[in-house]
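Close look at the chain arrangement
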Amino acid sequence: MRIPTAVILAACLLSSPALAQPVEAGDRPMFEVVPTLKPGQFVWAPEAAPDGPVLMVVNLATQRALLFRNGVPIGASTISSGKPGHETPTGVFTVLEKKREHYSKTYNNAPMPNMQRLTWKGIALHAGNLPGYPASHGCIRLPMQFSSLLFGATRLGMTVIITSLPVEPRQSAAPDIAAPIAATTTTLARAAYEWHPERATQGPVSVIVSAADQRAIVLRNGTEIGSAPVRVAGSANGGWAYALRSWDDSGEHWLKLQFAGSGQGMDVGAGEGARFDTPWDFKHAVQTVLRPGSIIVVTPLSL
C-alpha cells in the first residue's frame, strides 16, 4: 500500500515542540515510512481500507505499532512500552474495555486518555509521553492524536499482537494450514473432530493450537465453533501466530508473528503447512470461515 502525499503524518501532542511538525510521506509504501518515524510521530491513512476487521501489531524491539484494516496497513505509530522491571508482556490480546477518559487506579490517578484495555492487570493502549524508549509501567503509550484516531477505528474484541522480535511484519505466502497434506506424513487425516459453525454465524475468527494438549479450537466472535486433534512438528517454545492480512485473486497473504526470540523473520515458509497434522476435513472447514484479520495462534501452553 502506498501513502498519498496528503496523508496525515503528525507528532504526538504530548511530545516536545521540536517534534510537533508534520512529516511529508510522499508516495512511499507504509512499510518504508514506519522505520523513519521519530518519537511521537505517526501516520494515518484510513482511506486505504474504509472497512473490514482491524488488527494491530505492536513491536517492543522497534517501539512501533502498525494497524491493519481488512489486511491493509492504514496506520503506524511510535510507542513507549514498559521499562525494565515493568516490561510489557508479549502474546496475542484482545481489547477488553474502552474508555475515552480514564485514570490509573495503581499509579497515583495518572491520566490514561483513549484507554483500550488489553488485560485486567493493568496493560492497556493509551495516550502518553513518548521519549523514544520504553518508559511506561507496562502499558503501550501512543501519541495523543493517534490514540484518538485509533479509539474511533476499533471496537471491543480487536486483536492486538505484541512481539519483541526486532523485525517489521511483511506480506507473506499462506501457511497452508487449511490444505491437505500427503497421507504418508499424517496419522490424523481421518480423525474425528467437532464442527458447529451455526453456534456463531458472524464475527472475528481465531484458531488456537495447543502443542501441550495436541488440540485446536476455533472461535468465532468468542464462541467455540470447532475443535480437532492436532500435532505440531518441531518445538513450539514461545509460541507464534499467523495473521491473515488479505485474500485476493493471487491467493492468501499472511504474516507470521513470533512473540520473542531472535534470528527469525515474519515470513511464512513454503512447508509451513506440513508442521500441522490434523484431520483433512477440519482443515477445509477452517478455510471456509477464515477472513482478513483472522488469527491462528500456536502456543506451547495448555488450553
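Residues numbered from 1 in each chain as written. Predicted model: local features only at pLDDT ≥ 70, side-chain atom pairs only at ≥ 80, totals over all residues. Heavy atoms only, no water.

A closer look at the sheet that holds strand E7 (residues 97-99)
The sheet built from 4 strands is open, its strands ordered E7-E8-E9-E10 with mixed pairing. Each edge of the open sheet is held by one strand with a lone partner, namely E7 and strand E10 (140-142). The mean angle between the axes of side-by-side strands here comes to 15°, regardless of whether they run parallel or antiparallel. Of the pairings in the sheet, the one linking strand E8 (residues 115-117) to strand E9 (residues 124-127) comprises 2 bridges and is antiparallel in character. Following the sheet pairing, glutamine 116 is matched in E9 by leucine 125. (Pairing = 2+ DSSP bridges. Helix = DSSP H or I, 4+ residues; strand = E, 2+ residues; numbered from the N terminus. Axes fitted to C-alpha atoms, helices over the stretch in contact; angles between N-to-C directions.)

Description of the confidence of the model for the chain
With 78% of its residues at a pLDDT of 70 or more, the chain has an overall mean of 79. Averaged pLDDT values for the elements of the chain fall to 36 in strand E1 (residues 8-11) and rise to 97 in E10. Note that pLDDT drops below 50 for residues 1-24; the model gives that stretch 69 contacts with residues more than four away or on any other chain. (pLDDT = per-residue confidence, 0-100. Contact = heavy atoms within 4.5 Å.)

Describing the pattern of salt bridges
Applying the stated criterion across every chain yields a total of 2 salt bridges. Ionic pairing is found between glutamate 97 and arginine 117, a salt bridge with its closest N-O pair at 2.7 Å. A residue pair is termed long-range when its members are at least 10 positions apart, and glutamate 97 in strand E7 and arginine 117 in strand E8 qualify at 20 residues. (Salt bridge = Lys/Arg side-chain N within 4 Å of Asp/Glu carboxyl O.)

Here's the deal with the packing of aromatic side chains
Per the stated rule, a full pass over the model turns up 5 aromatic pairs. Their ring planes at 55° and their centres at 5.6 Å tell us that phenylalanine 42 and phenylalanine 146 sit as a pair that is tilted. Placement of the pair is phenylalanine 42 in strand E2 (residues 41-44) and phenylalanine 146 in helix H2 (residues 144-153), with a sequence separation of 104 residues. Among the aromatic residues, those joined into a cluster by ring pairs are Phe42, Trp44 and Phe146. (Phe/Tyr/Trp six-rings, centres within 6.5 Å; stacked < 30°, edge-to-face > 60°.)

Comments concerning the side chain of arginine 220
Structurally, arginine 220 is set in strand E14 (residues 215-220). The side chain of arginine 220 sits in the buried core without any salt bridge; glutamate 198 is the nearest counter-charge, 7.4 Å away. A distance of 2.5 Å separates the side chain of arginine 220 from the backbone oxygen of alanine 200, its partner in a polar contact. Those residues within four positions of arginine 220 in sequence are excluded, and the remaining contacts are Pro197, Ala200, Thr201, Gln202, Gly203, Pro204, Val205, Ile225 and Val289. (Buried < 20%, exposed > 50% of the residue type's maximum accessible area, 1.4 Å probe, protein only. Lys, Arg positive; Asp, Glu negative; His and termini not counted. Polar contact = N/O pair within 3.5 Å; in protein donor to acceptor, adjacent residues only side chain to side chain.)

Here we look at the nonpolar core
Among the nonpolar cores identified, the biggest contains 24 residues, and Met56, Val58, Leu118 and Val160 are the most heavily contacted of them. Those elements giving two or more residues to this core turn out to be E2, strand E3 (54-59), strand E4 (64-69), E10, H2 and strand E11 (159-163). When sequence neighbours within four positions are dropped, the list of residues in contact with leucine 118 reads Phe93, Thr94, Val95, Leu96, Ile123, Ala124, Leu125, Ile140, Val160 and Ile162. If you look at the next biggest cluster of nonpolar residues, it comprises 22 residues, including Ile225, Trp240, Phe282 and Ile296. (Core = buried A, V, L, I, M, F, W, Y, C linked by side-chain atoms within 4.5 Å.)

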